[in-house]
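# Observations on chain architecture
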Amino acid sequence: MRVLVVEDERRLAAALQRGLRAEGFAVDLAHDGEDGLWLATEHDYDVIVLDIMLPRLNGYRVCARLRAAGDDTPILMLTAKDGELDEAEALDTGADDFLSKPFSYVVLVARLRALVRRTGRRLPQTLEFGDLAIDPARRTCTRAGAEVRLTTREFAVLECLARASGGVVSKREILERVWDSAYDGDPNIVEVHISALRRKIDAPFGRAAVGTVRGAGYRLAVDGG
């Protein structure tokens, strides 16, 4: 999943980014409401984590403007401890869920996954390519009925390719979806993960599903190669 976190408390925002990345999410950060609103309208996110008390534009107004513009991205709003009025206003403004600070990180991740499942955004039960089956909800991959163990990032890259339904996905798109839009490391990290996928889901089964389209990117063959 690609997540936007809009939180002005920088230490908390950084901790959330690290934790969510460890779960295999691509995470973008914004530290005020206006930047958060701009990112939300410029990029496609699976879910947004939105604090209420933000500089420049508070979370209620960010949420209201997104909904007024027809943006139905699931929003989990962070509210004050025991803030019943905050929670009620968050839901009235258009948020899908809320979580009071301080919160359990485990609960936050569970809530985000539940939001995406509930709204049906990009989480079909399984993605099938010939005898290759990818289950985003359970984060499992099988080839010809045999389980294929993938790292968190490898699974995220494979899922990114699978969701393109056989179409070409550029290296930049993979970086933005699996890492984040601000990633400034070595872009060849994508090739490293593509090579790992070929070793795990293709070579042992005599397949060549993970293909390179020269000058354009990568694709997952629908027929399994």
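Right above here is the structure, for reference.
Residues numbered from 1 in each chain as written. Predicted model: local features only at pLDDT ≥ 70, side-chain atom pairs only at ≥ 80, totals over all residues. Heavy atoms only, no water.

## Here's the deal with helix α3 (residues 59–68)
As a reminder of what qualifies: Summary of the burial criterion: residues with accessible area below 20% of their type's maximum are buried, those above 50% are exposed, and those between are partly exposed, where the area comes from a 1.4 Å probe applied to protein chains only. Under the scheme used here, helices are H or I runs from DSSP no shorter than 4 residues and strands are E runs no shorter than 2 residues, and both carry numbers assigned from the N terminus. Taken from the helix axis, the directions to the C-beta atoms give the arc we talk about. For the purposes of these results, a polar contact is taken to be a pair of N or O atoms within 3.5 Å, where, inside protein, one atom must be able to donate a hydrogen and its partner to accept one; residues adjacent in sequence count only when each atom of the pair is a side-chain atom.
Of the positions making up α3, those classed as buried are Gly59, Tyr60, Val62, Cys63 and Leu66. All buried residues of α3 fall inside an arc of 165° around its axis, so they share one side. Its side-chain oxygen 3.0 Å from the backbone nitrogen of tyrosine 60, asparagine 58 forms the N-cap of α3. Glycine 70 occupies a position one or two residues after α3 and carries a positive phi of about 85°.

## Notes on the sheet that holds strand β7 (residues 132–135)
Hydrogen bonding along the main chain pairs the strands of a sheet, whether they run parallel or antiparallel. We count it as follows: A pair of strands is treated as paired once DSSP finds two or more bridges between them. Any two residues whose heavy atoms approach within 4.5 Å at even a single point are treated as in contact. Lines fitted to C-alpha atoms define the axes here, with helix axes fitted over just the stretch in contact, and angles between the N-to-C directions of these axes take values from 0 to 180 degrees.
Across the sheet, 4 strands lie side by side as β6-β7-β8-β9; this open sheet has antiparallel pairing. Edge positions in the open sheet fall to β6 (127–129) and β9 (146–147), since each of these has one partner strand only. Across the sheet, helix α6 (residues 152–163) is in contact with β6, β7 and β8 (140–143); its angle to β7 comes to roughly 110°.

## A short note on the nonpolar core
The test is simple: The nonpolar core is taken to be a set of buried Ala, Val, Leu, Ile, Met, Phe, Trp, Tyr and Cys residues, with the residues joined through side-chain atoms within 4.5 Å.
Ranked by internal contacts, the top residues of the largest apolar core, which has 27 residues, are Leu158, Ile174 and Leu220. Not counting residues up to four positions away in its chain, the partners in contact with isoleucine 174 are Val157, Cys160, Leu161, Val169, Trp179, Val190 and Tyr218. Listed in part, the 20 residues of the second largest apolar core include Ala30, Ile52, Leu57 and Leu66.

## Describing helix α2 (residues 33–42)
When we look at burial in α2, the residues that qualify are Gly33, Gly36, Leu37, Leu39 and Ala40. Down the axis of α2, the buried side of the element spans an arc of 165°, and every buried residue falls inside it. Buried-residue contacts for α2 involve β1 (2–6), β2 (26–30), β3 (47–51) and α3. Capping the start of α2, aspartate 32 holds a side-chain oxygen 3.1 Å from the backbone nitrogen of glutamate 34, two or three residues further along.

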